[in-house]
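Listed below are the residues making up each chain.
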Amino acid sequence: MNPTTIDYKRVMERVTKGHLFLPVFALALVLLVNLIQTPTFFKISIENGVLYGYTVDIINRASELVILAVGMTLVVASSSGADISVGAVSALAAAVCVRLLGSSYETYAVPLFASVIFCLLTGLVCGSFNGFLVAKMKIQPMVATLILFTAGRGIAQLVSAREINGTMVSGQILYVRMDSFRDIGGFLPGVVVPTPVFIAAGVVLLVHLVLRKTAFGLYVKTVGINSKAGRLVGINSSRIIFLTYALCGLMAGVAGLIASSRIYSSDANNIGLNMELDAILAVALGGNSLGGGKFSLSGSVIGAITIQALTTSLYAMGITADQIPVYKAVVVVLIVSMQSDEFKRWMTVLRAKGSMEKAVTQ
């Protein structure tokens, strides 16, 4: 038996068994299809003083989804359930921020810093409400977060009301006229990289440090695997679950701030629309178990970028917006199936059969 062959096989087995192999493989596959479709896909240039290109657009547009996926990962890991209200919470936080800023061309109604704080607090309060229902009231996560999923956009429309012909009409699109607000979702003066990329990277780095440098990450895993066992070793399971939902709401507030800045307005009907589904898919694509317990933050980030790359690819192929969910569903089902334990078991059985047949023929 050739020792070089044995080492090669071991290296390949070690690589393919890594928890990030399939997420990275899925992302590489999507990028490869893009490269075949558009030879200049990886070309990056500087136009009008900022970076320009398909890959820059994907990373920029994926920022909100990356932030939501980080919060969703913690929620799924701790409670074995998902927060389906993050899209509506984003819309509500955006509406609060824009309402406070006002529509004057000369000055903000409320200082920008204070409005941003209120925007984030809105997300935090909504997340805490979800956390209270799940952790304290023991309501199923899907049912508990369904409340804000349905009510969040309605509240956002009420917040976005403005006077038309002497009557307050809800559901209006409010605009921010000051240019400095656009820097959050656009570019800082003299900086070529989009601001949302910095915000998303900062959120991921901060959460990573909290999980690695404190016991919070271990507590989340323990509660997700077995909350009763966690209580026996002194972990307050309800508090951990509450904190993860509160953090997820805060992340939704950050995503809403970026989304409203991109369009310098509050659109209660469209900001964060269907983002909750993409965030859950990003967690699944990242190789995380939706049954709770162990999780990979980096896997969720890769999953979020994969989904955005897939969306950008479909738009580039001329697929209309109403058809994109169908194509995304097909691709995601294939990728998630490849990551399932049952698929891995089938592959192991097939490899074992192949080895046995090879040994018999020799």
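What you are looking at is a predicted structure, and each value in this text was computed from that prediction instead of being measured.

Bringing the UniProt feature "transmembrane region" (unreviewed entry) in the protein into the picture now. Sequence positions flagged by UniProt for "transmembrane region" (unreviewed entry) are, in local numbering, residues 20-38, 58-77, 84-102, 108-135, 142-160, 187-211 and 240-259. Within residues 20-38, the helical portion is 89% and the strand portion 0%, while the C-alpha atoms at the span's ends are 27 Å from each other. In residues 58-77, helix accounts for 95% and strand for 0%; the two terminal C-alpha atoms are 27 Å from one another.

Moving on, we get to helix α14 (residues 297-316). Given a rise of 1.5 Å per residue, 20 residues ought to cover 28 Å, and the 29 Å separating the end C-alpha atoms of α14 matches this to within 8%. For α14, a buried count of 16 out of 20 residues is recorded, marking the element as mostly surrounded by other parts of the structure. Gly 318, located one to two residues past α14, shows a positive phi value of around 85 degrees.

If you trace the backbone, Ser 261 turns up in helix α12 (residues 237-262). Within polar-contact distance, the side chain of Ser 261 engages the backbone nitrogen of Gly 185 at 2.7 Å. Ignoring any residue separated from it by four or fewer positions in sequence, one finds Ser 261 in contact with Phe 181, Arg 182, Asp 183, Ile 184 and Gly 185.

Moving on, we get to the pattern of salt bridges. Tallying each qualifying case throughout the model produces 4 salt bridges. Arg 262 serves as the salt-bridge partner of Glu 64, at 2.8 Å between the closest nitrogen and oxygen. Remark: Arg 262 occurs in helix α12 and Glu 64 occurs in helix α4 (residues 63-79); sequence separation between them is 198 residues. Taken as a pair, Glu 64 and Arg 262 share a single burial class, namely buried. Taking the shortest distance from any N to any O, the salt bridge between Arg 345 and Glu 342 comes out at 2.6 Å. Of this pair, Arg 345 and Glu 342 both sit in helix α16 (residues 341-361), 3 residues apart, roughly one helical turn.

The next subject is the layout of surface pockets. Within this model, the second largest pocket holds a volume of roughly 1100 Å³. Taken together, 32 residues make up the lining of the second largest pocket; nearest its centre are Leu 273, Met 275, Asp 278, Gln 308 and Thr 311. Contributions of two or more residues to the lining of the second largest pocket are made by α3 (54-61), α4, α12, α13 (275-285), α14 and α15 (324-339). The element contributing the most residues to the lining of the second largest pocket is α15, with 6 residues. Taken together, the residues that form the lining of the second largest pocket break down as 18 nonpolar, 7 polar and 7 charged.

Basis of the calculations
Residues numbered from 1 in each chain as written. Predicted model: local features only at pLDDT ≥ 70, side-chain atom pairs only at ≥ 80, totals over all residues. Heavy atoms only, no water. UniProt positions renumbered as here; feature names shortened; annotations may be inferred. Helix = DSSP H or I, 4+ residues; strand = E, 2+ residues; numbered from the N terminus. Expected span 1.5 Å × (residues − 1). Buried < 20%, exposed > 50% of the residue type's maximum accessible area, 1.4 Å probe, protein only. Polar contact = N/O pair within 3.5 Å; in protein donor to acceptor, adjacent residues only side chain to side chain. Contact = heavy atoms within 4.5 Å. Salt bridge = Lys/Arg side-chain N within 4 Å of Asp/Glu carboxyl O. 1 Å grid on protein atoms, 1.4 Å probe; cavity = no way out; pocket = protein on both sides within 12 Å on 5 of 7 lines; lining within 4 Å. Points joined across faces, edges and corners; volume = space filled by probe spheres on them. Nonpolar A, V, L, I, M, F, W, Y, C, P; charged D, E, K, R; others polar.

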